[in-house]
Amino acid sequence: MPVVAAKVLRQIVPNEELVTRAIERELAREGQVFFLHNRVETIDETAERVRAMVPKARVLVAHGQMAEGQLEQVMLEFLRGGADVLVCTTIVESGLDIPNANTLIVERADAFGLSQLHQIRGRVGRGRERAYAY
């Protein structure tokens, strides 16, 4: 791969070490993580990347193109603590209340507006634990 392309890729792909540390920190305090990846076409690949970065994390995927029943199952499983990381689209923006989810990682935050990021940020820190947003 040419050096220029590698530099561009490093800028687009989030810092994997930072992401790994953030997820592991949340798991250490028995919390949950929202990993926002807003492209349905590549969301499963991103979930695999997260699984590779933190093999002990239980990872689920949620997006608005899923069948209603399947999406409901995934969300209920996450709510009940059946997974540690939810790789999702901005579907989480619409009023989820999961007090155990205290870390938010937004991939390509530059693609969102400030008000949308503020709304998404409101999905974490709804319990007693300190919240983190990356």
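The structure reproduced in this document is the subject of the present report. (Residues numbered from 1 in each chain as written. Predicted model: local features only at pLDDT ≥ 70, side-chain atom pairs only at ≥ 80, totals over all residues. Heavy atoms only, no water.)

1. Considerations on the overall build of the protein chain
For step 1, the next point in the chain: From N to C terminus, the protein chain includes five helices and five strands.
For step 2, the next point in the chain: Put simply, the protein chain has 134 residues, and 39% of those count as buried.
For step 3, the next point in the chain: Within the protein chain, contacts between residues at least 6 apart in sequence are counted, and of these 70% link residues at least 24 apart.
For step 4, the next point in the chain: On the protein chain, roughly 7900 Å² of surface is accessible, and the fraction owed to carbon and sulfur atoms is 50%. (Helix = DSSP H or I, 4+ residues; strand = E, 2+ residues; numbered from the N terminus. Buried < 20%, exposed > 50% of the residue type's maximum accessible area, 1.4 Å probe, protein only. Contact = heavy atoms within 4.5 Å. Areas by Shrake-Rupley, 256 points an atom, 1.4 Å probe, with all protein chains shown as cover.)

2. Considerations on the nonpolar core
Nonpolar side chains tend to gather and get buried jointly when the protein is soluble and globular.
For step 1, the next point in the chain: Among the nonpolar cores identified, the biggest contains 20 residues, and Phe-34, Ala-62, Phe-78 and Leu-86 are the most heavily contacted of them.
For step 2, the next point in the chain: Of all the secondary-structure elements, those providing two or more residues to this core are strand 1 (32–36), strand 2 (59–62), helix 4 (68–79), strand 3 (85–88) and strand 4 (101–106).
For step 3, the next point in the chain: Setting aside chain neighbours within four positions, we find Phe-34 in contact with Phe-78, Leu-86, Cys-88, Val-92, Leu-96, Ile-98, Ala-101, Thr-103, Leu-104, Ile-105, Arg-123 and Val-124.
For step 4, the next point in the chain: Of all hydrophobic cores here, the second largest spans 17 residues; its members include Val-19, Ala-22, Ile-23 and Val-50. (Core = buried A, V, L, I, M, F, W, Y, C linked by side-chain atoms within 4.5 Å.)

3. Here we look at the packing of aromatic side chains
For step 1, the next point in the chain: Considering all chains together, one arrives at one aromatic pair under this definition.
For step 2, the next point in the chain: Ring geometry for Phe-34 versus Phe-78: centroids 5.5 Å apart, planes at 45°, classification tilted. Of this pair, Phe-34 sits in strand 1 while Phe-78 sits in helix 4, and the two are 44 residues apart along the sequence.
For step 3, the next point in the chain: According to the relative accessible area criterion, Phe-34 is buried, its value standing at 0%.
For step 4, the next point in the chain: Overall, Phe-78 belongs to the buried group, its relative accessible area being 0%.
For step 5, the next point in the chain: If you follow Arg-25 out to its NZ or CZ, it ends over the ring of Tyr-132, 5.3 Å from the centre. (Phe/Tyr/Trp six-rings, centres within 6.5 Å; stacked < 30°, edge-to-face > 60°. Lys NZ or Arg CZ within 6 Å of the ring centre and 35° of its normal.)

4. Description of the pattern of salt bridges
Should their charged atoms come close, side chains of opposite charge can pair.
For step 1, the next point in the chain: One pass over the structure, following the stated rule, counts seven salt bridges.
For step 2, the next point in the chain: Across the salt bridge formed by Arg-51 and Glu-48, the nearest N and O atoms sit 2.7 Å from each other. Here Arg-51 pairs with Glu-48, and both are found in helix 3 (residues 43–53), just three residues apart, close to one helical turn.
For step 3, the next point in the chain: A salt bridge links Glu-107 to Arg-49; the nearest nitrogen and oxygen atoms lie 2.7 Å apart. Here Glu-107, found in the loop between strand 4 and helix 5 (114–121), pairs with Arg-49, found in helix 3; they are 58 residues apart in sequence, far enough to count as distant.
For step 4, the next point in the chain: On the basis of relative accessibility, which here comes to 8%, the residue Glu-107 falls in the buried class. (Salt bridge = Lys/Arg side-chain N within 4 Å of Asp/Glu carboxyl O.)

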